[in-house]
Amino acid sequence: MGTALTPDPKKPFLSDIQEIRRRARQHIERGAVTDNYQADRETVLRLLNEALATEIVCTLRYKRHYYMATGIHAQAVAAEFLEHANEEQAHADQFAERIVQLNGEPNLNPDGLLTRSHSEYVEGQSLGEMIREDLVAERIAIESYAEIVRYLGERDPTSRRLVEEILAQEEEHAEELQMLLGQIES
Ligand SMILES: [Fe+2]
Ligand SMILES: [Fe+2]
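The rules we used
- Residues numbered from 1 in each chain as written.
- Chains lettered and ligands numbered in written order.
- Predicted model: local features only at pLDDT ≥ 70, side-chain atom pairs only at ≥ 80, totals over all residues.
- Heavy atoms only, no water.
- Donors = N, O, S within 2.8 Å, 3.2 Å for Na, K, Ca; no water.
- Helix = DSSP H or I, 4+ residues; strand = E, 2+ residues; numbered from the N terminus.
- Buried < 20%, exposed > 50% of the residue type's maximum accessible area, 1.4 Å probe, protein only.
- Axes fitted to C-alpha atoms, helices over the stretch in contact; angles between N-to-C directions.
- Parallel < 35°, antiparallel > 145°, perpendicular 65-115°, else oblique.
- Left-handed = near helix turned anticlockwise from the far one by under 90°.
- Nonpolar A, V, L, I, M, F, W, Y, C, P; charged D, E, K, R; others polar.
- Phe/Tyr/Trp six-rings, centres within 6.5 Å; stacked < 30°, edge-to-face > 60°.
- Lys NZ or Arg CZ within 6 Å of the ring centre and 35° of its normal.
- Expected span 1.5 Å × (residues − 1).
- Salt bridge = Lys/Arg side-chain N within 4 Å of Asp/Glu carboxyl O.

Enquirer: Would you explain the coordination of the iron ion (ligand 1) in this entry?
Expert: The iron ion (ligand 1) binds to the protein through Glu 55 (OE), Glu 55 (OE), Glu 88 (OE), His 91 (ND1) and Glu 170 (OE); the donor distances cover 1.9 to 2.6 Å. Of note, the donors binding the iron ion (ligand 1) are all from one chain and are spaced E-x32-E-x2-H-x78-E. Here the iron ion (ligand 2) and the iron ion (ligand 1) are spaced 3.9 Å from one another, each receiving a donor from Glu 88. Of this pair, Glu 55 sits in helix α2 (residues 41-68) while Glu 170 sits in helix α6 (residues 157-185), and the two are 115 residues apart along the sequence. Glu 170 shares its class with Glu 55; the two are buried.

Right under this line is the structure:
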């Protein structure tokens, strides 16, 4: 009874395979979402939609900065803005795909986008201000994605791995922006 969850080294597979086979035939309309999906699906979908909104806002902000970058350092910095814009767009697509896989609907409604997003849309005047705002936005994404990773834990490893991969890229973005900021300020 109490030992049901203690792994037996000779029998590491905890569930009865016959039972898994039986359950897999039920509710096949749910696709990838099986009966033993451990997370609260509604909450996960809300978090993923917030992350999706965050990525869209970041894409738009980087695009704005790309088109508005002027000054002596503009070319190199604008190239970096464009690269980040494209990567944020790719993240948005990855989140949307995962939402659909969990039988949810990606919320792409422009109405309320900024409320759903964790990061902000700040235009900034100078190149320095733009980079600084992008760095702030990356730091917001880093904190909130790390929190989502901790929430997901072992309950939804696929969503967790996706958020972890994207989190690692946001950390790279932040590092690149920090370096750029140092360069243009020196
Ligand atoms: Fe991103
Ligand atoms: Fe980013």
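Enquirer: Would you mind showing me how to read the packing of α2 against helix α3 (residues 74-101) here?
Expert: Between two packed helices, both the angle of their axes relative to each other and the distance between the axes serve to describe the pair. Put simply, α2 and α3 touch, their axes get as near as 8 Å, and they point 160° apart. As far as their axial angle goes, α3 and α2 are roughly antiparallel. The crossing of α2 and α3 is left-handed. Class assignment for the residues of the contact of α2 with α3 results in 16 nonpolar, 6 polar and 4 charged.

Enquirer: Looking at this model, I keep getting lost on the packing of aromatic side chains. Mind explaining?
Expert: Each aromatic ring pair is characterised by the separation of its centres together with the angle its planes make. Taken as a whole and assessed by the stated rule, the structure comprises 3 aromatic pairs. Note on Phe 95 and Tyr 145: the rings are 5.8 Å apart at their centroids and 65° apart in plane angle, and the pair reads as edge-to-face. Taken together, the positions of Phe 95 in helix α3 and Tyr 145 in helix α5 (residues 127-152) put the pair 50 residues apart, joining distant regions of the chain. Take Phe 95: its relative accessible area is 0%, and that puts it in the buried class. We classify Tyr 145 as buried; its relative accessible area is 0%. Positioned above the aromatic ring of Tyr 62, the side-chain terminus of Arg 61 is 5.1 Å from the ring centre.

Enquirer: Is there a simple way to explain unusual backbone geometry in this structure?
Expert: Excluding glycine, residues mostly carry a negative phi; peptide bonds, for their part, are mostly trans. We note that His 27 has phi near 50°; this positive angle belongs to a residue other than glycine. Exposure remark for His 27: the relative accessible area of 35% places this residue in the partly exposed category. Phi at Asn 103 is positive, roughly 60°, even though this residue is not glycine. Residue position: Asn 103 is located in the loop between α3 and α4 (113-116). Owing to a relative accessible area of 37%, Asn 103 belongs among the partly exposed residues under this scheme.

Enquirer: Honestly, the environment of Pro 157 in this entry has me stumped. Any pointers?
Expert: As for its placement among the helices and strands, Pro 157 is situated in helix α6. On the accessibility criterion, Pro 157 (36% relative accessible area) is partly exposed. C-alpha separation for the pair Pro 157 and Asp 111, spaced 46 residues apart in sequence, amounts to 31 Å.

Enquirer: Whenever I open this one, α5 confuses me. Can you help?
Expert: At 3.6 residues per turn, the α-helix brings residues three or four places apart onto the same side. Taking 1.5 Å per residue as the helical rise, α5 with its 26 residues ought to reach 38 Å, and the 37 Å between its terminal C-alpha atoms agrees with that figure. In the stretch just after α5, Gly 153 is the one whose phi turns positive, near 45°.

Enquirer: For this particular structure, what's the right way to read the coordination of the iron ion (ligand 2)?
Expert: Angles at a metal have ideal values that depend on geometry: 109.5 degrees with four tetrahedral donors, 90 or 180 degrees with six octahedral donors. Around the iron ion (ligand 2), the donor atoms from the protein are Glu 88 (OE), Glu 138 (OE), Glu 138 (OE), Glu 170 (OE) and His 173 (ND1), and they sit 2.0 to 2.3 Å away. Exposure remark for Glu 170: the relative accessible area of 1% places this residue in the buried category.

Enquirer: How should I be thinking about the pattern of salt bridges in this particular structure?
Expert: Two side chains of opposite charge can pair, provided their charged atoms sit close to one another. In the structure shown here, the tally under the stated rule is 11 salt bridges. Between Arg 61 and Asp 134 there is a salt bridge, with its nearest N and O atoms 2.6 Å apart. With Arg 61 in helix α2 and Asp 134 in helix α5, the pair connects residues that are 73 residues apart, well separated along the chain. Judged by relative accessible area, which is 1%, Arg 61 ranks as buried. Looking at Asp 134, the relative accessible area reads 0%, which means it is buried.

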